[in-house]
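# Examining the three-dimensional arrangement
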Amino acid sequence: MRITAIEAYTEGCAATLRAAVQPARADSARDLWFRFEGLDGPLETSADPFAAAMLPFCMHEGEGCRIEGALSPVLAENMKLAQDRLAGWYDFLSPVEVAAEAETPANSWDRPDDRTDGAVVCCFSGGVDSWYSLLKNAERVTHLLLVRGFDIGLDNAALWQSTRTRIAEVAAAMGLRLIVCETNLRELADARRADWGKPCDFDFWGQCLHGAALAAISLALPRSFGGLIVPATHSEDQLKPWGSSPQLDPLWSNERMRIRHDGCEAGRTEKVQAISGSRLALQSLRVCHNDLAETNCGRCEKCIRTMLALRLSGVLEQAETFPDTRALRRLRRLEVPAHLIHHYESLLSAARQRGDSGLIRAIEAILGRRFSAERSLAGCVRSLRRGLRETPGAKLAGNAQRG
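Residues numbered from 1 in each chain as written. Predicted model: local features only at pLDDT ≥ 70, side-chain atom pairs only at ≥ 80, totals over all residues. Heavy atoms only, no water.

Right, let's get into the environment of leucine 239. Tracing the backbone shows leucine 239 in the loop between β9 (225–231) and β10 (258–262). Put simply, leucine 239 and cysteine 264 are 25 residues apart on the chain and 8.4 Å apart in space, counted from C-alpha to C-alpha. Every residue in contact with leucine 239, bar those within four places of it in the chain, is listed here: His234, Pro246 and Cys264. (Helix = DSSP H or I, 4+ residues; strand = E, 2+ residues; numbered from the N terminus. Contact = heavy atoms within 4.5 Å.)

Okay, structure coming up:
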């Protein structure tokens, strides 16, 4: 991997940092770019964001990273630890050499103390985890960071505009500054999405990359920022190898930017309960995995799981971004991946505490502890549909349509 031609420039209200990146398998280089709005100062031509962004991809490829630019010596050392962590978790990742033509001079750094006068940025998507971390750290947070190009695609203008407007209103209501970043990082560095590199058929973004990607954005920010808060995905009792983790996120820090993983002390049901008292959170909550025009589809597993937690907190009717709750009527049909079952154990415990007998019976059916004819029938239908999709005739028809 070669990272070259690093440059920063400003056009109107947007500041852009970009570089050319070229894996060994690629015939030519492409631009990796970060475009910001809401900054007070200009960007610097640091190699740090690009090194962090591309390192997991390089480890997957098994190729070193050569940088034409200055790299923070602290980040360089931290990335060795990050590689050890990732390689220890995943046997498909290998430590690689990262070499830059220069180090950032130590006397060029003037890191503020992020516990006093330094600005602290909180990654904020409008979801449960980010709302929990924001409200928990409200006295410290000065800026919100909203990203386009990760869960909201660069081609999804409708969802982006509605989300940006809603989170701008949140920032204004809380007296915070909003930093908006648009980037093509995931298109180039996510081994599952990128059209270069070795084949990848697993969730590279979730397992390996998204923590480094958030860190890369923070490393591009002007030196007036001192800390980044990354909201936790998992609680302490559910920690596992994952791309954003308390064991990994701090290792993307450099001399200036101190990165902190936040919120592991609470599970998702507890987090929903914690934010349920905020009218602002209920007016703007966005949890949906689907990259659609609507804020929350109200039909996917994550939407339904969140609606259940909101119902148990007694605020589902106040959650304005879930206008359609009809999916809850078909709750017993819900198919839950094995790695998410623990969320339903937590919901079942909360339902018992609240005495919600209807929800108790439905969740027990989901967990296989209660017979449900409706659930059995739904499972048979899903199995039949999967079988039809996998038949040779269906595959031939699909190939013909694509041709």
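An order of β5-β4-β1-β2-β3-β8-β7-β6-β9-β10 is seen for the 10 strands of this open sheet, with the pairing classed as mixed. Looking along the sheet, the strands with just one partner apiece sit at the ends: β5 (98–103) and β10. Taking the axes of each pair of neighbouring strands and ignoring which way they run, one obtains an average angle of 25° across the sheet. Direction of pairing for strand β2 (residues 14–22) relative to strand β3 (residues 30–37): antiparallel, over a ladder of eight bridges. (Pairing = 2+ DSSP bridges. Axes fitted to C-alpha atoms, helices over the stretch in contact; angles between N-to-C directions.)

Consecutive side chains of a regular strand alternate in pointing toward one face of the sheet and then the other. Counting buried residues in β9 gives seven out of seven residues, a clear majority hidden from the surface. Looking at chain direction, β9 and β10 are connected through five bridges and run parallel. Looking at the pairing, proline 231 lines up with aspartate 262 of β10. (Buried < 20%, exposed > 50% of the residue type's maximum accessible area, 1.4 Å probe, protein only.)

Turning our eyes to something else, we now look at the environment of valine 336. Relative to the elements of secondary structure, valine 336 occurs in the loop between α9 (301–312) and α10 (341–354). Valine 336 sits 213 residues away from cysteine 123 along the chain, and the two C-alpha atoms are 27 Å apart. Dropping the residues within four chain positions of it, valine 336 is found in contact with Ile341, Tyr344 and Ile366.

Size it by volume and the largest pocket reaches roughly 1400 Å³. Forming the boundary of the largest pocket are 45 residues, of which Trp205, His210, Thr233, His289 and Lys302 lie nearest the centre. Taken together, the elements giving at least two residues each to the lining of the largest pocket come down to α3 (128–136), β7 (143–148), α6 (204–219), β9, α9 and α10. Looking at which element gives the most residues to the lining of the largest pocket, the answer is α6, with five residues. When the residues that make up the lining of the largest pocket are grouped by side-chain class, the tally is 18 nonpolar, 13 polar and 14 charged. (1 Å grid on protein atoms, 1.4 Å probe; cavity = no way out; pocket = protein on both sides within 12 Å on 5 of 7 lines; lining within 4 Å. Points joined across faces, edges and corners; volume = space filled by probe spheres on them. Nonpolar A, V, L, I, M, F, W, Y, C, P; charged D, E, K, R; others polar.)

Here the focus is empty space enclosed by the protein. Per the stated rule, a full pass over the model turns up four cavities of 30 Å³ or more. Its boundaries defined by the atoms lining it, the largest cavity holds a volume of some 70 Å³. Lining the largest cavity are 11 residues, and of these Glu44, Ser46, Leu219, Leu221 and Arg256 lie nearest its centre. Along the lines of polarity and charge, the residues of the lining of the largest cavity split into seven nonpolar, one polar and three charged.

Further remarks concern the pattern of salt bridges. Tallying each qualifying case throughout the model produces 28 salt bridges. The closest approach of N and O atoms between arginine 369 and glutamate 345, which form a salt bridge, is 2.4 Å. Of the two residues, arginine 369 sits in the loop between α11 (357–366) and α12 (373–390) while glutamate 345 sits in helix α10, which places them 24 residues apart along the sequence. Several salt bridges share partner residues, and in doing so they unite Lys136, Arg260, Asp262 and Glu265 into one network. (Salt bridge = Lys/Arg side-chain N within 4 Å of Asp/Glu carboxyl O.)

Taking 1.5 Å of rise per residue, the 14 residues of α10 would be expected to cover 20 Å, and the 20 Å separating its terminal C-alpha atoms lies within 8% of that figure. Among all positions in α10, only His343, Tyr344, Leu347, Leu348, Ala350 and Ala351 are buried. One side of α10 carries all its buried residues, which in axial view fall inside an arc of 165°. Immediately beyond the C-terminal end of α10, within one or two residues, lies glycine 355, with a positive phi of roughly 75°. (Expected span 1.5 Å × (residues − 1). Arc of directions from axis to C-beta.)

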